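Residue-level structure breakdown
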Amino acid sequence: MASFFSKLLVLMSLFHVSLAARKLTELVQDQPNALMQYHNGPLLSGQMPINLIWYGKFTPSQRAIVSDFVTSLSSSPPQMQPSVGTWWKTTEKYYNLVKSKKLSSLSLTLGNQILDEIYSLGKSLTQKQIVQLASKGDQMNAINVVLTSADVTVDGFCMSRCGTHGSSKGNIQAKGKNYKFSYIWVGNSETQCPGQCAWPFHQPIYGPQSPPLVAPNEDVGMDGMVINLATLLAGTATNPFGNGYYQGPADAPLEAASACPGVYAKGAFPGYAGNLLVDSTTGASYNAHGANGRKYLVPALFDPATSSCSILSESFIW
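Residues numbered from 1 in each chain as written. Predicted model: local features only at pLDDT ≥ 70, side-chain atom pairs only at ≥ 80, totals over all residues. Heavy atoms only, no water.

1. A look at the state of the cysteines
As a reminder of what qualifies: The disulfide criterion used throughout: a pair of cysteine sulfur atoms within 2.5 Å. Helix and strand labels come from DSSP, where a helix needs a run of H or I of at least four residues and a strand needs a run of E of at least two; each type is numbered from the N terminus. We call a residue buried when its accessible area falls under 20% of the maximum for its residue type, exposed when it is over 50%, and partly exposed in between, using a 1.4 Å probe and counting protein chains only.
Taken as a whole and judged by the stated rule, the model has 3 disulfides. In this model C158 forms its disulfide with C193; the gap between the sulfur atoms is 2.0 Å. Disulfide C158 to C193: torsion about the S-S bond roughly -70 degrees, handedness left-handed. Residue C158 is found in the loop between β7 (153–154) and β8 (163–174), and its partner C193 is found in the loop between β9 (177–187) and α6 (194–197); the two are separated by 35 residues along the sequence. Given a relative accessible area of 18%, C158 falls into the buried group. C193 sits in the buried class, given a relative accessible area of 8%. Across the disulfide from C162 sits C197; the S-S distance is 2.1 Å.

Pasting the structure below:
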């Protein structure tokens, strides 16, 4: 473990990486009661596509679960409420609090999808290789998301994290400097650590034990990936370069979603996700409607205006 973190410090001299993704210990913690501090750095703003880089074997139906989620982040066309699009609008509150300059919020769309089904870098990846894969997407005005299949191991995966987000210098120059691009990595935990990274759709490996919920898209690994992707997208928007909004130390920040661990609906408490909506036909639990008739589970977002965790409900705030 010590060697992992020593390597990580070397890598961080080359690119910024946040370890703010959901960890197992965070599944059973009480909500924090702290301020979300702004550290005067830039936020991602304007309209950006999300490029999906699929590494390993994913079925078309699995890819559709994630691509439909990304499409759902836009509130157009109108979605049934509560919706993923309404959930994403909570991030606008972070932009409204930046008083030094007028910022437009971040509007996300589905960009390109790149398939690497031949495991071009092998089935065991380092953080540096994750950045290498992320660089295959557009390096200006885009977020590149690397999704690794269930048979791919990544440094720190399951040991300390379910995914990461960060930034790296690309090969495109702007005003004489190499342009930084934002990236996210999320792993499919279906076989490696579903009790850590796919909760509450799988029994947790420790902590308060309650029956696992039925996954809304009938795929525990992919529905878990959506939760972690949503968490990391919120962190990427509001803390893209490590000097935006976060609580706690910079090397272990609590960001917009990771500051509300384990909270998905009203009534949540350690080990219980809250009073979620339940599909009468499938018995699946969810809290947001998405594109193409999809249903998803998205995490609560920390509201910097009220210093509380904002969830989707009839009033959209708790």
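There is more to say, and it comes next.
2. A short note on unusual backbone geometry
P82 follows Q81 through a cis peptide bond whose omega is -5 degrees. Topologically, P82 is positioned in the loop between α2 (60–72) and α3 (84–89). In this model, W199 is joined to P200 through a cis peptide bond whose omega is 10 degrees. Structurally, P200 can be placed in the loop between α6 and α7 (220–238). Even without being a glycine, Y119 presents a positive backbone phi close to 50 degrees.

3. Quick word on the nonpolar core
Rule in force here: Among the buried residues, those of types Ala, Val, Leu, Ile, Met, Phe, Trp, Tyr and Cys that are joined through side-chain atoms within 4.5 Å form a nonpolar core. Residues are treated as being in contact if the distance between any of their heavy atoms lies within 4.5 Å.
Counting residues in each nonpolar core, the largest one holds 51 residues, and the members touching the most others are F69, W87, I143 and L233. In terms of residue count, α7 provides more of this core than any other element does, 9 residues in total. With near-sequence residues (within four places) excluded, F69 lies in contact with V84, W87, V226, L229, A230, L233, Y296 and V298. Counting residues in hydrophobic clusters, the runner-up holds 19 residues, among them Y119, V146, V154 and F157.

4. Some words on the packing of α2 against α7
Here is the rule we go by: With axes taken as lines fitted to C-alpha atoms, and helix axes fitted only over the stretch in contact, angles between N-to-C directions fall between 0 and 180 degrees. Oblique is the label for any angle not covered by the other classes, which are roughly parallel (under 35 degrees), roughly antiparallel (over 145) and roughly perpendicular (65 to 115). A crossing counts as left-handed when the near helix is turned anticlockwise from the far one by less than a right angle, and as right-handed when that turn is clockwise. In this classification, Asp, Glu, Lys and Arg are treated as charged, Ala, Val, Leu, Ile, Met, Phe, Trp, Tyr, Cys and Pro as nonpolar, and every other residue, Gly included, as polar.
Following both chains from N to C, one finds α2 and α7 inclined at 30 degrees, their axes separated by 10 Å at the closest point. By the angle between their axes, α2 is roughly parallel relative to α7. Once α2 is placed against α7, the crossing between them reads as right-handed. Contacts from Q62, I65, V66, F69 and V70 of α2 reach α7 at M222, V226, L229, A230 and L233. Its residues placed into classes, the contact of α2 with α7 shows 9 nonpolar, 1 polar and no charged.

5. Quick look at the pattern of salt bridges
Where charged atoms of side chains with opposite charge meet at close range, the side chains can pair. To keep things clear, this is the line we draw: In what follows, salt bridge is the name for a side-chain nitrogen of Lys or Arg lying within 4 Å of a carboxyl oxygen of Asp or Glu.
Taken as a whole and assessed by the stated rule, the structure comprises 7 salt bridges. Between D151 and K123 there is a salt bridge, and its shortest N-O distance comes to 3.4 Å. Here the residue D151 occupies a position in the loop between β6 (143–148) and β7, and K123 occupies one in the loop between β4 (106–116) and β5 (124–125), the gap between them amounting to 28 residues. With relative accessibility at 36%, the residue D151 sits in the partly exposed group. Exposure remark for K123: the relative accessible area of 45% places this residue in the partly exposed category.

6. Here we look at the confidence of the model for the protein
Heads up, the rule is: Per-residue confidence from the prediction method is given by pLDDT, with values spanning 0 to 100.
Looking at the protein as a whole, the pLDDT averages 86, with 84% of positions reaching at least 70. Segment residues 1–16 is flagged for pLDDT under 50; beyond a separation of four residues in sequence, or across chains, it makes 26 contacts in the model. Scored below 50 in pLDDT, residues 314–318 makes 17 contacts in the model with residues more than four places away or belonging to other chains.

7. Topic: α7
Selection criterion: An expected span of 1.5 Å times one less than the residue number is assigned to each helix. Distance and chemistry together define a polar contact, namely a pair of N or O atoms within 3.5 Å, with one atom able to donate a hydrogen and the other to accept it when in protein, and with adjacent residues in sequence counting only for side-chain atoms on both sides.
When the terminal C-alpha atoms of α7 are compared, their 28 Å separation across 19 residues agrees well with the 27 Å that a helix rising 1.5 Å per residue should span. At the N-terminal boundary of α7, the capping side chain belongs to D219, with an oxygen 3.2 Å from the backbone nitrogen of G221.

8. Examining the packing of aromatic side chains
Going by this rule: Classification of ring pairs uses Phe, Tyr and Trp, with its six-membered ring standing for Trp, and accepts pairs whose centres are within 6.5 Å; under 30 degrees between planes counts as stacked, over 60 as edge-to-face, and the remaining range as tilted. Ring-over charges, as used throughout, are those where CZ of Arg or NZ of Lys falls within 6 Å of the ring centre and within 35 degrees of the ring normal.
Applying the stated rule across the entire model yields 10 aromatic pairs. Relative to W88, the ring of W87 has its centre 5.9 Å away and its plane inclined at 50 degrees; by these criteria the two rings are tilted. Like W87, the residue W88 is buried in the burial classification. Taking NZ or CZ as reference, K123 lies 4.6 Å from the ring centre of Y119, over its face. Over the face of the ring belonging to Y286 we find K295, whose NZ or CZ atom lies 5.5 Å from the ring centre.

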